[in-house]
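# Residue-level structure breakdown
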Amino acid sequence: MNAPDQQQAVARSTRKLLFTVLGMFGFAFAMVPFYNVFCEVTGLNGKTNSSAAQLNDSIQVDESRMVTVAFIANLNQGMPWKFSPEISKMKVHPGQIYTTQYYAENQTGRSIVAHAVPSVAPGQAAKHFQKVECFCFTEQRFDGGEGRWMPVTFMVNPSLDKDIEEVTLSYTFFDTGARTAAAPKGLETLGGESAGAM
């Protein structure tokens with residue numbers, strides 16, 4: 001093989017390698033939304049529904065069974081906020097709708113837009129934990145020093161494995177870095193003294 005042929009062969013191999021690398025990168029990038037949808041549908045990785053669950057009218061309340069739901073609040077590292085559940089645990093009948101709430105307070109002097117990311121443990125319970133209303137569905141804007149209660153309305157589906165007696169709902173609050181989200185409507189706003197009393 002002469003020199004021009006060798007150069008052409010090297011150029012072809014380089015192009016193939018470049019297209020392969022770009023294809024692999026594109027495939028990996030495209031898999032992220034598919035993975036998120038898969039996790040949401042199956043409950044893998046503790047992901048729960050990211051929009052209001054449409055409950056089936058045929059679901060019957062299982063009054064013979066109680067499931068303990070534990071509530072946990074976490075903050076992204078270094079986030080200067082107060083964030084906590086109203087109660088730490090609640091006993092529920094599968095199939096019945098319940099409401100609890102979380103309190104969040106921006107302890108800085110500037111407006112911050114934050115987003116709560118939920119997860120459910122054990123992971124196999126995530127697809128059976130259905131949120132009807134949740135502050136996690138949208139970003140939340142808090143002015144400096146503002147605090148408020150944020151509701152979550154949920155149901156544990158009766159199809160949850162009968163061996164699972166306790167489910168943990170955990171939220172992690174992140175500062176999204178945005179400054180323009182509108183304040184959510186219909187949520188109680190507590191100012192100054194009453195907010196600090198919680």
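Criteria and thresholds
Residues numbered from 1 in each chain as written. Predicted model: local features only at pLDDT ≥ 70, side-chain atom pairs only at ≥ 80, totals over all residues. Heavy atoms only, no water. Helix = DSSP H or I, 4+ residues; strand = E, 2+ residues; numbered from the N terminus. Phe/Tyr/Trp six-rings, centres within 6.5 Å; stacked < 30°, edge-to-face > 60°. Buried < 20%, exposed > 50% of the residue type's maximum accessible area, 1.4 Å probe, protein only. Lys NZ or Arg CZ within 6 Å of the ring centre and 35° of its normal. Contact = heavy atoms within 4.5 Å. pLDDT = per-residue confidence, 0-100. Disulfide = S-S within 2.5 Å.

Let us now look at unusual backbone geometry. A cis amide bond, omega -5 degrees, links Ala121 with the succeeding residue Pro122. Mapped onto the elements of the fold, Pro122 is located in the loop between strand E5 (112-121) and strand E6 (129-134).

Attention now goes to the packing of aromatic side chains. Each aromatic ring pair is described using two quantities: the centre-to-centre distance and the angle formed by the ring planes. Scanning the entire structure with this criterion turns up 14 aromatic pairs. Where Phe71 meets Phe154, the ring centres are 5.9 Å apart and the plane angle is 65 degrees; that geometry is what we call edge-to-face. Here Phe71 is found in strand E1 (residues 67-75), whereas its partner Phe154 is found in strand E8 (residues 147-156), with 83 residues between them in sequence. What makes Phe154 buried here is its relative accessible area of 0%. Cluster of aromatic residues (ring-pair linked, three or more members): Phe71, Trp81, Phe83, Tyr98, Tyr102, Phe129, Phe135, Phe142, Phe154, Tyr171 and Phe173. The aromatic ring of Phe142 is capped on one face by Arg148, whose charged end is 3.8 Å from the ring centroid.

Mapped onto the secondary structure, Thr100 falls in strand E4 (residues 97-106). Residues in contact with Thr100, not counting those within four places in the same chain, are Phe71, Glu86, Ile87, Met90, Met150, Pro151, Val152 and Phe154.

This next bit is on the confidence of the model for the protein. With 68% of its residues at a pLDDT of 70 or more, the protein has an overall mean of 78. Of all secondary-structure elements in the protein, the lowest mean pLDDT belongs to helix H2 (residues 192-196), at 35, while strand E3 (residues 89-92) reaches the highest, 97. Contacts of residues 178-198 to residues separated by more than four positions or lying in other chains number 41 contacts, the stretch itself having pLDDT below 50.

On inspection of all chains with the given rule, the structure shows one disulfide. A sulfur-sulfur separation of 2.4 Å characterises the disulfide bridge that pairs Cys134 with Cys136. An S-S torsion of about 130 degrees defines the bridge between Cys134 and Cys136 as right-handed. Taking relative accessible area as the criterion, Cys134 reaches 8% and is therefore assigned buried.

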